[in-house]
Amino acid sequence: ILTPEDMDDEQRMMLKAIRDFADKDVMPVAAKVDARDEATIRQLFKKAADLGIYMAEVPEEYGGLGLSVLGIAGMMESRSYLGGLASTVFAHQGIGSLPLINFGTQAQVDKYLHKLMHGEMMACFALTEPSSGSDAMNIRTTATLSEDGKHFIVNGSKQWITNSGWADIFILFAKVDGTQFTAFLMERNSPGLTVMPNEKLLGLNGSSVCAMMLENVKIPVENVLGEIGKGHKVAMCTLNLGRLKMATNCVGGGKKALR
């Protein structure tokens, strides 16, 4: 059993930094955030990086802070202070970056992690489809190896993907040959990728949530994340921790609503 009193000074400093960031930088421009003013959101996204938020779950050997689960849970409670910016920041910090941290090859980590940690790239987690949500294994997006063996050709669609309107890198899930559930790293400039307009949301109006269409998108074979057919490990290791985080996030939102 852990309580907030068990946090160390470094963890407390991170929580205070998030709340100070919310008060001084985010709330004065909250209306612009909720209007999805991209210039404002990009500026705040980079400021969050300067606070070290995107380094929190990165192991120390990769140059991160390596905070404990208690410290991360505290961060999630504090995210309620960020209003509409919260999803952008924490979808990137958590589900957008953790798959690379946990399953990336050294070459993949070297190519992408520094930029993700320092807010030079924005990430998102592209799993949900019109016909599959929590039943992730039922996705229909397919990936077929090209004749020259250098790329996977991806076709399908995604829905409700947070950060997709602005993301530079996508943690994308597809079934190789229609059967083998697999994770990929897909860059935004990939030909054949179409990101649809932002959805109208009931709350978190500053969040970019879009559908995606993939038509013969070529992803280099070296961008397979983890092993072919083992994408469920990438998805569940990310989402299971995310559910714990969501609990503390909801507690933080509840506290703020009561106040």
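Data block above holds the structure.
Presented here is a report on the structure given in the accompanying data block. (Residues numbered from 1 in each chain as written. Predicted model: local features only at pLDDT ≥ 70, side-chain atom pairs only at ≥ 80, totals over all residues. Heavy atoms only, no water.)

1. Focus on the packing of aromatic side chains
Here comes step 1: Throughout the structure, instances matching the rule amount to 4 aromatic pairs.
Here comes step 2: With a centroid separation of 5.6 Å and an interplanar angle of 20°, the aromatic rings of phenylalanine 173 and phenylalanine 181 are classed as stacked. Of the two residues, phenylalanine 173 and phenylalanine 181, neither departs from the other in class, the shared state being buried.
Here comes step 3: An aromatic cluster of at least three residues, connected via ring pairs, comprises Phe125, Phe173 and Phe181. (Phe/Tyr/Trp six-rings, centres within 6.5 Å; stacked < 30°, edge-to-face > 60°. Buried < 20%, exposed > 50% of the residue type's maximum accessible area, 1.4 Å probe, protein only.)

2. A closer look at the pattern of salt bridges
Here comes step 1: Following the criterion strictly, the structure yields 10 salt bridges and no others.
Here comes step 2: Among the salt bridges present, the one from lysine 16 reaches aspartate 20, with a minimum N-O distance of 2.7 Å. Taken as a pair, lysine 16 and aspartate 20 lie in helix 1 (residues 9-26) at a separation of 4 residues, close to a single helical turn.
Here comes step 3: A relative accessible area of 52% places lysine 16 in the exposed class.
Here comes step 4: Given the relative accessible area of 26%, aspartate 20 is considered partly exposed.
Here comes step 5: Across the pair glutamate 57 and lysine 245 runs a salt bridge whose closest N-O atoms are separated by 2.7 Å. Taken together, the residues glutamate 57 in the loop between helix 3 (38-50) and helix 4 (69-78) and lysine 245 in helix 8 (residues 231-258) connect sequence positions 188 residues apart.
Here comes step 6: Each member of the salt-bridge network shares a partner with another, and the members are Glu38, Arg42 and Asp168. (Salt bridge = Lys/Arg side-chain N within 4 Å of Asp/Glu carboxyl O. Helix = DSSP H or I, 4+ residues; strand = E, 2+ residues; numbered from the N terminus.)

3. Concerning the state of the cysteines
Here comes step 1: One pass over the structure, following the stated rule, counts 0 disulfides.
Here comes step 2: Here cysteine 124 stays unpaired: no disulfide links it, and the sulfur of cysteine 210, its closest cysteine neighbor, is 9.1 Å away.
Here comes step 3: We classify cysteine 124 as buried; its relative accessible area is 0%. (Disulfide = S-S within 2.5 Å.)

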